[in-house]
Amino acid sequence: MSGSDTGDAAMVGDLALLVLAALPLMGSPGPATLSLAGMGAAHGMRLSAHYTAGVNIGTIAVVLAIAAGVTAIVLELPGMKPALMILAGAYMVYLAWHIATAPPVAAQEQGSGAPSFLSGLVLAIANPKAYAAIGAVYAGSATGTDEGAIAKIIALSILAIAVNTTWLWFGAAIASILHDPQKARVANLIFAFLLLASIALPLLR
């Protein structure tokens, strides 16, 4: 086996380990994933498509920022980290309120109050879990070449899209079951509460 083939095999192995490490971190409940499930439950997949696209693009932007080292530079500025945490928390509280007050099930048919692309983009960029999870697995990967860095960015971006789409589908699947408006309202409130909990729990540790 040539050196090139050995290097390619090593890179594939490193990327496989990267994905295995990233899956539980990126796929576990957090602000972005829970908001997608909540939007799916409140509005369905079709009306939440723009919001999901915003979350996906925002998450890819986070991957690129971490890969370029921009995140570390920004967070080192005096007072920047607490300010960003406050702004992110306030925005996610707003999203939780949006989910909790969304018209149950009927919103899928009426198209009222559907989440926007910009809402998803802002949430993904303001999501502290994304920086922690992606930053940890990106820095921990053994692939250090330029080609390896590009491969890591692509792998993490594809994984983010897959995870986000799965959570949206999960929420929409629940919505299709909850035809009773009262049950749908309870589901929306639960997702809103879980979203708030995903913000509060890291602060209490």
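Residues numbered from 1 in each chain as written. Predicted model: local features only at pLDDT ≥ 70, side-chain atom pairs only at ≥ 80, totals over all residues. Heavy atoms only, no water.

Ranked by size, the top nonpolar core spans 40 residues in total, and within it Met26, Tyr51, Leu95, Leu123, Ile134 and Leu156 carry the most contacts. Of all the secondary structure elements, the ones that give two or more residues to this core are helix H1 (3–27), helix H2 (31–47), helix H3 (49–68), helix H5 (80–101), helix H7 (117–126), helix H8 (128–140), helix H9 (146–177) and helix H10 (181–204). Here this core takes nine residues from H9, the largest share from any one element. (Core = buried A, V, L, I, M, F, W, Y, C linked by side-chain atoms within 4.5 Å. Buried < 20%, exposed > 50% of the residue type's maximum accessible area, 1.4 Å probe, protein only. Helix = DSSP H or I, 4+ residues; strand = E, 2+ residues; numbered from the N terminus.)

Moving on, we come to the side chain of Thr52. Along the chain, Thr52 turns up in helix H3. Of note is the side chain of Thr52, whose polar atom sits 2.8 Å from the backbone oxygen of Ser48. Setting aside residues up to four positions removed in sequence, Thr52 forms contacts with Leu36 and Leu168. (Polar contact = N/O pair within 3.5 Å; in protein donor to acceptor, adjacent residues only side chain to side chain. Contact = heavy atoms within 4.5 Å.)

On the surface, Ile57, Phe117, Leu118 and Val122 cluster together into a nonpolar patch covering about 340 Å² of accessible area. A total of three residues in the nonpolar patch trace back to one element, the largest contributor, which is H7. We classify Val122 as partly exposed; its relative accessible area is 32%. (Patch = residues over 30% accessible without salt bridge, like charges linked within 9 Å, V, L, I, M, F, W, Y side chains within 5 Å. Areas by Shrake-Rupley, 256 points an atom, 1.4 Å probe, with all protein chains shown as cover. Salt bridge = Lys/Arg side-chain N within 4 Å of Asp/Glu carboxyl O.)

Attention shifts here to the packing of aromatic side chains. The final tally for this structure, using the stated rule, is one aromatic pair. With 6.1 Å between their ring centres and 80 degrees between their planes, Trp167 and Phe170 make a pair best called edge-to-face. Of this pair, Trp167 and Phe170 both sit in helix H9, separated by three residues, roughly a single helical turn. Look at Trp167 and you get buried, because its relative accessible area is 17%. (Phe/Tyr/Trp six-rings, centres within 6.5 Å; stacked < 30°, edge-to-face > 60°.)

Within the secondary structure layout, His43 lies in helix H2. For His43, a relative accessible area of 1% corresponds to the buried category. In this structure, the C-alpha to C-alpha distance between His43 and Ala102, residues 59 residues apart in sequence, is 8.0 Å.

We now examine the packing of H3 against H7. Two numbers describe how H3 lies on H7: the axes approach to 6 Å, and their chain directions differ by 30 degrees. For the element pair H3 / H7, the angle class is roughly parallel. As for how H3 packs across H7, the hand of that crossing is right-handed. Contacts between H3 and H7 involve His50, Tyr51, Ala53, Gly54, Val55, Ile57, Gly58, Thr59 and Val62 from the former and Phe117, Ser119, Gly120, Leu121, Leu123, Ala124 and Ile125 from the latter. Here the residues of the contact of H3 with H7 sort into ten nonpolar, six polar and no charged. (Axes fitted to C-alpha atoms, helices over the stretch in contact; angles between N-to-C directions. Parallel < 35°, antiparallel > 145°, perpendicular 65-115°, else oblique. Left-handed = near helix turned anticlockwise from the far one by under 90°. Nonpolar A, V, L, I, M, F, W, Y, C, P; charged D, E, K, R; others polar.)

Before going further, it helps to spend a moment on the confidence of the model for the protein. Averaged over every residue, the pLDDT of the protein is 76; the share at 70 or more is 74%. Here helix H6 (residues 106–110) stands out as the element of the protein with the lowest mean pLDDT, 48, in contrast to H3, whose mean of 91 is the highest. The model gives residues 106–111 a pLDDT under 50, and that stretch makes twelve contacts with residues more than four places away or in other chains. (pLDDT = per-residue confidence, 0-100.)

Let us look at the packing of H2 against H3. In contact at an axis separation of 8 Å, H2 and H3 are set at 150 degrees when each is read in the N-to-C sense. Considered as vectors, H2 and H3 are oriented roughly antiparallel to each other. Where H2 abuts H3, its residues Ala32, Ser35, Leu36, Met39, Met45, Arg46 and Leu47 lie against Ala49, Tyr51, Thr52 and Val55. Per-class residue counts for the contact of H2 with H3 are eight nonpolar, two polar and one charged.

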